[in-house]
Amino acid sequence: MNKRKIALLVSSLCIASTLAACGGGNNPDSSGSGTATTTPGGDDTSSTAPVAEAKTGIASLIGADAKERTAILGTLEKYAVDNMITGLPLFENGAFQMYNPRVTKGVENYITGYGFGILREGKLTGDLTNEEVVKKNYYNTYDTSDPAKINALDDNGSQVDDLYSYIAGSYFGTKMNAAKNGYDWYGVLSTKDRPYIVKNGVAAFPEDPEATSDTWRIYVRTGEKGKVKYHTNSAREDRKAFDGVNIELDDYVDAFKILLCGKFKYYRGNELAKRSGYSSIKGAAAYYAGSTDGINDTLFEEKVGVKKGTDNVGDYIDVTLGAPTNRFYAMYSLASNLYAPINRRFFNLVTNDGANPKNYGGYDSNKDTTPVDNILSTSTYTLESWEEEKGIAFKRNDDWFERQENSQLYSIPGVYINIWTAAQKDPNYAFQQFLAGKIDAAGIPLDFIEQYKNDSRTTKVTGTSVFKLNVNSCTQEVWNQLFGSKGTVAQLGDNAYQCKPWMSNENFIRGLFYSIDRDAYAAKRGSIASTNYFSSNYMSDPEGGIAYNTTQEHKDALADFWGDTLATGGYSEALSKAAFNEAIKELMAEGKVKKKDKLVIDAWWMYPSHLKNYAPDIEEYVEKAFNESEQAKANELTLDVNSQAVDVWSDVYEKHLQVGKFDLGFGSISGNALDPLNFMEVLKSDNSSGFTLNWGKDTSDLDLEYKGETWSYNTLWAAVDHGVVMNKGVEAKAGEINNAKAEYKAGEGLKVAFDFRDGMAILRAAAEAGDEGAKELLKLPADQWSLDVSGLRLQVNAGYGDVTFDPTDGTVLFAEYYDPDTAAPLYYQELDSDVEDYVAYIVDGEELEEPVVGNPWVTGDVNFVTSGEGDDEVLDLGSFDLTISGNAGQMFASVGQIGIVMEVTQNINGVESLVTVSVALPVTNAPASPLAAE
Amino acid sequence: MVKYTIQRILLAFITAAIILTLTFLLMKQLPFYPAAGNDEAKAAFFTDQVGIGNVLEFALPQAKYGDPLWTYTDKTGHTHYYYLKPAIDQFVIWVKGIFTEFNWGRSLYVFPNVDAMVLIRSRIGTTIMVNLPAVIISVPAGIGLGVWAALKKNKLTDHIISTVIMIFISVPSFIMITLLLYTLSFNLGWLPATWPSENAPLEMRIRGFILPTLALSFGSICGYCRFTRAELTEVMSSDFLLLARTKGLTRAQSITRHAMRNAMVPILPSILAEIVGLLGGSMILEELYGVPGVGKLYVTAISLQDYNVLMADMALYTLIGLLSGVFLDLSYGFIDPRIRMGAKK
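Rules used in this analysis
Residues numbered from 1 in each chain as written. Chains lettered and ligands numbered in written order. Predicted model: local features only at pLDDT ≥ 70, side-chain atom pairs only at ≥ 80, totals over all residues. Heavy atoms only, no water. Core = buried A, V, L, I, M, F, W, Y, C linked by side-chain atoms within 4.5 Å. Buried < 20%, exposed > 50% of the residue type's maximum accessible area, 1.4 Å probe, protein only. Helix = DSSP H or I, 4+ residues; strand = E, 2+ residues; numbered from the N terminus. Contact = heavy atoms within 4.5 Å. 1 Å grid on protein atoms, 1.4 Å probe; cavity = no way out; pocket = protein on both sides within 12 Å on 5 of 7 lines; lining within 4 Å. Points joined across faces, edges and corners; volume = space filled by probe spheres on them. Nonpolar A, V, L, I, M, F, W, Y, C, P; charged D, E, K, R; others polar. Pairing = 2+ DSSP bridges. Axes fitted to C-alpha atoms, helices over the stretch in contact; angles between N-to-C directions. Parallel < 35°, antiparallel > 145°, perpendicular 65-115°, else oblique. Left-handed = near helix turned anticlockwise from the far one by under 90°. Buried area = accessible area lost by both parts, 1.4 Å probe. Salt bridge = Lys/Arg side-chain N within 4 Å of Asp/Glu carboxyl O. Polar contact = N/O pair within 3.5 Å; in protein donor to acceptor, adjacent residues only side chain to side chain.

Draft legend 1. Summary view of the nonpolar core. Counting residues in each nonpolar core, the largest one holds 115 residues, and the members touching the most others are Tyr171(A), Ile281(A), Ile317(A), Tyr339(A), Leu383(A) and Phe394(A). In terms of residue count, helix 13 (residues 307-335) of chain B provides more of this core than any other element does, ten residues in total. Excluding its chain neighbours within four sequence positions, the residues that come into contact with Tyr171(A) are Tyr186(A), Gly187(A), Val188(A), Leu189(A), Ser190(A), Ile218(A), Val220(A), Tyr252(A), Phe256(A), Ile317(A), Leu334(A) and Tyr339(A). Ile85(A), Phe534(A), Val652(A) and Phe666(A) belong to the second largest nonpolar core, which has 92 residues in total.

Draft legend 2. Representation of empty space enclosed by the protein in the model. Quantified by volume, the largest cavity comes out at close to 270 Å³. The wall of the largest cavity is formed by 24 residues, among which Lys390(A), Ile419(A), Trp420(A), Thr194(B) and Trp195(B) lie closest to the centre. Among the secondary structure elements, those contributing two or more residues to the lining of the largest cavity are strand 16 (414-419) and helix 14 (429-435) of chain A together with helix 11 (283-289) of chain B. Split by residue class, the lining of the largest cavity holds twelve nonpolar, six polar and six charged.

Draft legend 3. Representation of the pairing of strand 3 (residues 79-84) of chain B within the structure. All names here are of chain B. Direction of pairing for strand 1 (residues 55-58) relative to strand 3: antiparallel, over a ladder of four bridges. Its bridge partner lying in strand 3, Val55 is registered against Leu84. Two strands pair when backbone bridges link them, and strand 2 (residues 70-73) and strand 3 are joined in this way by four bridges, in the antiparallel orientation. Among the inter-strand pairings, Thr73 is bridged to a residue of strand 3, identified as Thr79.

Draft legend 4. Local environment of the packing of helix 2 (residues 66-82) of chain A against helix 26 (residues 713-721) of chain A. Residue and element names in this part refer to chain A. As a packed pair, helix 2 and helix 26 sit with axes 11 Å apart at the nearest point and diverge in direction by 160 degrees. Overall, the two elements helix 2 and helix 26 adopt an arrangement that is roughly antiparallel. The chirality of how helix 2 crosses helix 26 is left-handed. Across the interface between the two elements, Arg69, Ile72, Thr75, Leu76 and Tyr79 of helix 2 pack against Tyr713, Leu716, Trp717 and Val720 of helix 26.

Draft legend 5. Structural view of the interface of chain B and chain A. Contact with chain B, which involves 47 residues of that partner, is made by 45 residues of chain A. Interface of chain B and chain A: buried area, both sides summed, is about 3,800 Å²; carbon and sulfur atoms make up 53% of it. Where chain B meets chain A, there are four salt bridges. Close ionic contact of Arg207(B) with Glu131(A) constitutes a salt bridge, the shortest N to O distance being 2.8 Å. Viewed at the interface, chain A and chain B are joined by 13 residue pairs in polar contact (both at pLDDT 80 or more). Element by element, the count of residues in the side of chain B that touches chain A is highest for helix 2 (residues 39-52) of chain B, at seven residues. Taken together, the residues of the side of chain B that touches chain A break down into 26 nonpolar, ten polar and eleven charged.

Dropping the structure here:
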């Protein structure tokens, strides 16, 4: 089995549910209504199939360059916007920032992903005058707590990492471009601006930006020629000895050895050892596990994909990543300051030969040494002083090679960070200190926005998230398909949520979108009004520094839906009312609404404070637009937005957005800002990412056109993300489960039977039935497309019970069951390869002192139906017949429902992805739980 | 007396042990907040917690420890079950460390890696330095005002002093500190708004003492004043003072030679107790004014749930409180020969 898994794992890593709170739409039933008058662009946006025919075969756009990826992204975004599945955008969490007039920024217009370039390209034109300022000629800023250490290798937050970045160099960094409208990546500790691609042991500059490899060579600065030295401001003689020492090649490798040493248990090393994908390092886990006694040079050399060397270009280290990737992502994943070189002699001195690893970058246990004594600088600043709970000073490294080459860079002599714990609870504290002249910059808090937003010192910075109201525009039928008793996303029971008929009306949703005065709403909150799906920091060309929202493709994506309303923050009272008028006419004609009805929308918010700070204005906008529409007045209809908040912020996702129990829901997730295309997965209606938050439109419909061909949203996304195999535009199934039955028989146990077949078997059957597309797909050679059933299991009760099989021979690998109320383990057995038999460890809730061999309570038989002979033999059908006996069987059966999950590894042109096929089915004659009798 | 002293000291230690045990066990009942983030970050966090000793890790579920905090299946397919370590187990390890090595543990979050006791030792000096001027000023000022009020009993001066004292006593200390900050620092700009850095000019560092001294001494001045006035007025109305006047002593002589001495009997021990109490510091002042003292350390340790520092700090405060009470009681016997603590009737 080919174990190289790239794209889908990468995409899984890329999508993360974040804590920022702060993506409907179209009713398939009403797609034919086409009420063009409500659309600002004046075009009919009802779904009509494009002329071009849908494709059969492999579609892989993985190697697309940045320009094409931007075009695809624009196509997908337009589709999403026109079908209103992005969620109702409100504002971007940008902020007003004030700067002291003495600060000359590197650039006046904020560069997304880079900033104003104050430290590198900017300068200070005077001193701070407030007498309490300690370092008047330094750039003064603040933090709200004293972390008491600067070793980011052993910290799980961002504060220490921010401090560390002042003194720790990285292989690559960013600098403002010549035009001062973006930034370029360049080599910092690397002597080249990009890593070199290594293939078959040969390194070359990667001319093709999309060429992939797992091994990359970084030429590094070493010795006198490298012009980078260690520095310290410690007064201790033993530390001073390292001031001005050259960085050597071994130091780069030692940094990895120290970070990943299992004995030191550095947080980031532990995390790196557990990581997979292109951001991980080959062999990291094995070295971490094998170095519990200390740094193990032999093991490192043997296992870890970090090797040093010298060639005609210079000193280098070769890094082998966990998965192949292109040059940009290789550079990006290696641009961490966690990999900054470390002088091992210094490290041993500070940590007493590794006995006290926590001394590094912090205080020793007796507080005889401080962070200033216990770390060396390899970057533009050195740690000058650390006064506990008062302030941290960084002094410019006058030796820094960039400044030697260009004295205009880094002209600010230092940075002083005030520690103000009062700012933790008082949002106005830091701003008041700024007004008193003690720091150089501060964000304007809500209480002062009106007073200072037009101040000459004020500037606007872009945000990282667009806050939205997600939309549930399902009809009841669609909702039951997704979340009903046999729901494909969750099984909550049929009609467990009553969908509002108006929420599935396209014009009603349009009315909502146009009814909100985003400019006023955002201004009141000091934010930036937004009609975008992505925030400003998403880069369609990360290497070129191009933000997606600045591209023509993005503008085109918004034009049809928003039209002229873009000039007014997506707000148009006239259009909103017109849309509501049409919606009312349609709903009344369909009998879904009668005269004098009160229409309700349930809106869910993340915190109780949102009911005061965010909800009221939204309610007012929406209700006013609807209630003042002509049709609403004529028919005496009223709209009421019922805002509610959850107790715990995550409930808004888990109990509402992700399970369709809402009409509008305030929530947001973020993805990798450098890969916005991957993030589009969250808009797919099949919830393949697990993070779909907007429901209604079926994104597998063949109603999207790209370059003259017919696609669905799902297949176009899949084609560019990991490749897709299509039969007339419909994604070929990876597998299916049929004839599933589950029945409990007293005295015997729970009997489960099902058939499964992988995608190839499905195609063979279709081809036999005359499907020409299937015949064509079957001709694809195995190295272009293959499917491999890589996992098969039975689940009960959302994972509390689990039986896992080997799909090649039906062997039960292990089985477990927990009490769903207490999570206490009740049964656990596994197939022990040493004894080649089942071993039961926990039975009836008791952990066995002597595990029992050969007493399985789960047994299974498998039959395979194949066709062909010899090399042509293929699996047509696998069938399972499984029995879970005794109390375990009764417990499994008593849940009343089981799930069968099949995992298929799909390989398209060498790129693997994991596809899951699952069914849920009820248990016949389900008994009472044996636990209930206790 | 000796026996009584020993008994009181032993009782103080026993009381401290009970307080610390209860505090430890109750604190360990606080909710456990795992790290946010992806599975790798969480797995690293829990491994960290296992190393610290708060969490246990198993390869199989362990019903006896209740619900697992988290389960994680790693790349190799192995599942890790993380359970909260029982509070009693942690307590036993902690107590053992204290009695065998006087090891109070290391700070985890406030000052990572530093011994909890070293941390406290490094802060006590600052706390004493901040509190001592307040004691030096408040004692004579409070007693002086009290004497004046007593001498002018029921006159306008007495009424004014009593009213002012009543007002200041009624204002909670954190309000007082905030008012002083707001008025003297933010509005008038006379004094620094936070404790000056050690790198600040000497003049500013001296001015930095003014605000905490005022804030700390107001309450003490008021207390001493009221107490002194009450005691002095009572003594001044006693018969032996009348006899002293009758014998020919002037008013001033009778007050200084006889009345004051008797009035000081209950006051001196509280002065001594306050000096001992210097070590504890003022949490509110240190937190609001940014003084890196023991009080601020305590507040920070609570908010970061740094149990080792918290318990060491708690032990310090408990012992200071209990021993100063013992000291107070015993000092009565030295100051007033009529009082013999522990004497049998």
